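As a plain string of letters, each chain reads:
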Amino acid sequence: MILLALSTSGRAASAALFKDGAPLAEATRDEGLTHSETIMPLTAELLEQNGLTPADVNVFAADVGPGSFTGVRIGVCAINAMAAALGAPVVAVSSLAALHEGLSEKSSPVCALLDARNGNAYAALFTGTECLMQPAAVTVTALLPTLPQGTLFVGDGAEAYRAEIEATVPGARFAAPERNLLTALPVAQAAWERFNAGDTVPEAMPLYLRPTQAERLYKEKK
């Protein structure tokens, strides 16, 4: 059983393969190129290097965000197109759940935090396998006082707002820096668990928690 996962909601374009419940391979590009330029060649290269073609993939998984609006659309559309062409199931995984999945420590409260700029962020709170706060668009100043003591932070928002976190959350801890870059491997890990639990969808849908820039500009004009 082969699962292919893509992640394009963040800075890096990434693809990963799972085989029979274990990681097989991952490829990540973080070179400043647009995801539309990189994700499909990256995926084709990953499959070829492992002696596979898209027809060998049984399950497709998408990182549905939150994150870059354009990036999310690219990955979601790519996964939906491949799955539809092959009649294969799709698993949708939020970027925040994937960040949590990539940690070895999950027993303490974990806040997955993605920077949305200007004091804004996307956040979710987990303890063990339980999601205490579903993915939400937040302001950092409003979020931090509500978090438990000793919360572990992961994601680029943990880096961007570290000073505010340390000043507000007693005993705050931070994941290793390499865990803050979202890649496809933890997306694949989370997707494998969801697939085996029967949690599939006909097609992945982007998880937009804030209006797009175009929508905000249109509203301002109106």
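Residues numbered from 1 in each chain as written. Predicted model: local features only at pLDDT ≥ 70, side-chain atom pairs only at ≥ 80, totals over all residues. Heavy atoms only, no water.

(A) View of unusual backbone geometry. With omega at 10 degrees, the peptide bond leading from Gly65 into Pro66 counts as cis. One non-glycine residue, Arg117, lies in the positive phi region at around 75 degrees. One can find Arg117 in strand 6 (residues 110-117). Using a relative accessible area of 63% as the deciding quantity, one classes Arg117 as exposed. (Helix = DSSP H or I, 4+ residues; strand = E, 2+ residues; numbered from the N terminus. Buried < 20%, exposed > 50% of the residue type's maximum accessible area, 1.4 Å probe, protein only.)

(B) Layout of the pattern of salt bridges. The full count for this structure, using the stated rule, is 4 salt bridges. Across the pair Glu105 and Arg173 runs a salt bridge whose closest N-O atoms are separated by 3.1 Å. With a gap of 68 residues between them, Glu105 in the loop between helix 3 (95-101) and strand 6 and Arg173 in strand 10 (residues 173-174) connect regions that are remote in the sequence. Classification of Glu105 as partly exposed rests on a relative accessible area of 32%. (Salt bridge = Lys/Arg side-chain N within 4 Å of Asp/Glu carboxyl O.)

(C) Representation of the environment of Thr146. As for its position among the elements, Thr146 is in the loop between helix 4 (140-143) and strand 9 (152-154). On a C-alpha basis, the gap between Thr146 and Val169 in space is 8.7 Å, while along the polypeptide they are 23 residues apart. For Thr146, the side chain forms a polar contact with the main-chain oxygen of Leu143, separated by 2.6 Å. (Polar contact = N/O pair within 3.5 Å; in protein donor to acceptor, adjacent residues only side chain to side chain.)

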